[in-house]
Amino acid sequence: MSDKHPSRVVVLGLGRFGRSVALELIALGTEVMAIDSDPKLIQRYADDVTHAVVADTTDAEVMRQLGVDEFQRAVVGIGNNLEASILTTAVLVDFGIPDIFAKAISREHGRILERVGAHHVVLPEHEMGERVAHVVAGRVLDYIEIEDDYAMIKARPPKEAIGKPLGTSKLRAKYGVTVVGVKRPGDGFTYATADTVIESGDVLILAGKVADVERLADRA
């Protein structure tokens, strides 16, 4: 097998998710081949990506002719057409692509993609809904679940920590939460140390188990 190209990504499916990923990758300086069966979508974004091709992503022979098997990273952005999503993922798995990201529209869809061989399954609607729910509930300013039961959040400091160095307030010992950094009004983000004195207007970046970080956020 030929060496795969680590500096390029193929994005299959230019729906909202696929094109968002493709355009962000381009902004990050990554070469992107975008493939979709819809000529209108390809025409619309042809000037925004490195290569744009109209093709059936479920056809292994066509994908091979386009050199998709030479990519090291692939993103399957097909969501609503479950059959096309699954078959496209299977084609990439058969090619031996080592890093396959696939969009799922439900947990059941995601489990099928994992069984087919996708290395990373993304549920954008579910994850965004979960993130927004935590913010709407009023506990946190922002929320990102890193993996099951582990999250990073932005939150106001608990009253017991204000005016003290982190080493003195011992938030980690009390709550099992790590203060990763501090954002002070008018200043940039700074990494937290035991000597960092917390002020009332600060925003803390916290990492830990979901229940623990929310428990600490409730103390603000």
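Remember, it's a predicted structure, so these values are computed and weren't measured experimentally. (Residues numbered from 1 in each chain as written. Predicted model: local features only at pLDDT ≥ 70, side-chain atom pairs only at ≥ 80, totals over all residues. Heavy atoms only, no water.)

Draft legend 1. Molecular detail of the environment of alanine 192. For alanine 192, the location among the structural elements is in the loop between strand 10 (189-191) and strand 11 (203-209). The contacts of alanine 192, once residues within four sequence positions are left out, are Leu166, Val179, Val180, Gly181 and Val182. (Helix = DSSP H or I, 4+ residues; strand = E, 2+ residues; numbered from the N terminus. Contact = heavy atoms within 4.5 Å.)

Draft legend 2. Representation of the sheet that holds strand 10. Spatially, the five strands line up as an open sheet ordered 7-8-11-9-10, and their pairing is antiparallel. At either end of the open sheet lies a strand with only one pairing partner, and these are strand 7 (142-147) and strand 10. Each neighbouring strand pair of the sheet contributes to a mean axis angle of 20°, computed without reference to strand direction. Bridging between strand 8 (residues 150-155) and strand 11 involves six bridges; their strand directions are antiparallel. (Pairing = 2+ DSSP bridges. Axes fitted to C-alpha atoms, helices over the stretch in contact; angles between N-to-C directions.)

Draft legend 3. Inspection of the environment of arginine 156 at higher detail. By the secondary structure assignment, arginine 156 is in the loop between strand 8 and helix 7 (166-169). Exposure remark for arginine 156: the relative accessible area of 41% places this residue in the partly exposed category. Spatially, the C-alpha atom of arginine 156 lies 7.9 Å from that of leucine 141, the residues being 15 residues apart in sequence. A polar contact is formed between the side chain of arginine 156 and the backbone oxygen of glycine 201, at a distance of 3.4 Å. (Buried < 20%, exposed > 50% of the residue type's maximum accessible area, 1.4 Å probe, protein only. Polar contact = N/O pair within 3.5 Å; in protein donor to acceptor, adjacent residues only side chain to side chain.)

Draft legend 4. Broad picture of the packing of aromatic side chains. In this structure the tally under the stated criterion is one aromatic pair. The interplanar angle of 80° and the centroid separation of 5.2 Å between the aromatic rings of phenylalanine 189 and tyrosine 191 together place this pair among those described as edge-to-face. In this structure tyrosine 191 comes out as exposed when scored by relative accessible area, which is 66%. The side chain of arginine 8 reaches across the aromatic face of phenylalanine 71, ending 4.2 Å from its centre. (Phe/Tyr/Trp six-rings, centres within 6.5 Å; stacked < 30°, edge-to-face > 60°. Lys NZ or Arg CZ within 6 Å of the ring centre and 35° of its normal.)

Draft legend 5. Main features of helix 9 (residues 210-217). Burial of helix 9 is extensive: six of the eight residues sit out of reach of the surface. For helix 9, the set of buried residues is Val210, Asp212, Val213, Glu214, Leu216 and Ala217. Buried residues along helix 9 sit against helix 6 (124-136), strand 7, strand 8, helix 8 (171-175) and strand 11.

Draft legend 6. Structural context of the pattern of salt bridges. Under the definition given, this model contains seven salt bridges. Close ionic contact of lysine 174 with glutamate 160 constitutes a salt bridge, the shortest N to O distance being 3.3 Å. Taken as a pair, lysine 174 in helix 8 and glutamate 160 in the loop between strand 8 and helix 7 lie far apart in primary sequence, 14 residues in all. Overall, lysine 174 belongs to the partly exposed group, its relative accessible area being 49%. (Salt bridge = Lys/Arg side-chain N within 4 Å of Asp/Glu carboxyl O.)

Draft legend 7. Just the layout of surface pockets, in detail. In this structure, the largest pocket occupies an estimated 620 Å³ of space. Lining the largest pocket are 19 residues, with Leu123, His126, Glu127, Glu130 and Glu145 positioned closest to its centre. For the lining of the largest pocket, the elements supplying multiple residues, two or more each, are helix 5 (107-116), strand 6 (120-122), helix 6 and strand 7. Looking at the lining of the largest pocket element by element, the count peaks at six residues for helix 6. The space that makes up the second largest pocket amounts to roughly 400 Å³. When residues of the lining of the second largest pocket are traced back to their parent elements, those giving at least two are helix 1 (16-27), strand 2 (31-36) and helix 6. Of the residues in the lining of the second largest pocket, the class split is eight nonpolar, nine polar and five charged. (1 Å grid on protein atoms, 1.4 Å probe; cavity = no way out; pocket = protein on both sides within 12 Å on 5 of 7 lines; lining within 4 Å. Points joined across faces, edges and corners; volume = space filled by probe spheres on them. Nonpolar A, V, L, I, M, F, W, Y, C, P; charged D, E, K, R; others polar.)

Draft legend 8. Layout of a nonpolar patch on the surface. Taken together, the side chains of Met128, Val132 and Val136 make up a nonpolar region of the molecular surface, amounting to roughly 290 Å² of accessible area. On the secondary structure map, valine 132 appears in helix 6. The class for valine 132 is partly exposed, based on a relative accessible area of 41%. (Patch = residues over 30% accessible without salt bridge, like charges linked within 9 Å, V, L, I, M, F, W, Y side chains within 5 Å. Areas by Shrake-Rupley, 256 points an atom, 1.4 Å probe, with all protein chains shown as cover.)

Draft legend 9. Quick peek at the packing of helix 4 (residues 82-95) against helix 5. The interhelical angle for the contact between helix 4 and helix 5, taken along N-to-C directions, is 25°, at an axis separation of 9 Å. Between helix 4 and helix 5, the interaxial angle falls into the category roughly parallel. In the packing of helix 4 onto helix 5, the handedness of the crossing is right-handed. On the side of helix 4, the interface is formed by Leu82, Ser85, Ile86, Thr89, Ala90 and Val93, while helix 5 contributes His109, Ile112, Leu113 and Val116. Counted by class, the contact of helix 4 with helix 5 contains seven nonpolar, three polar and no charged residues. (Parallel < 35°, antiparallel > 145°, perpendicular 65-115°, else oblique. Left-handed = near helix turned anticlockwise from the far one by under 90°.)

Taken by themselves, the reported measurements are silent on function.
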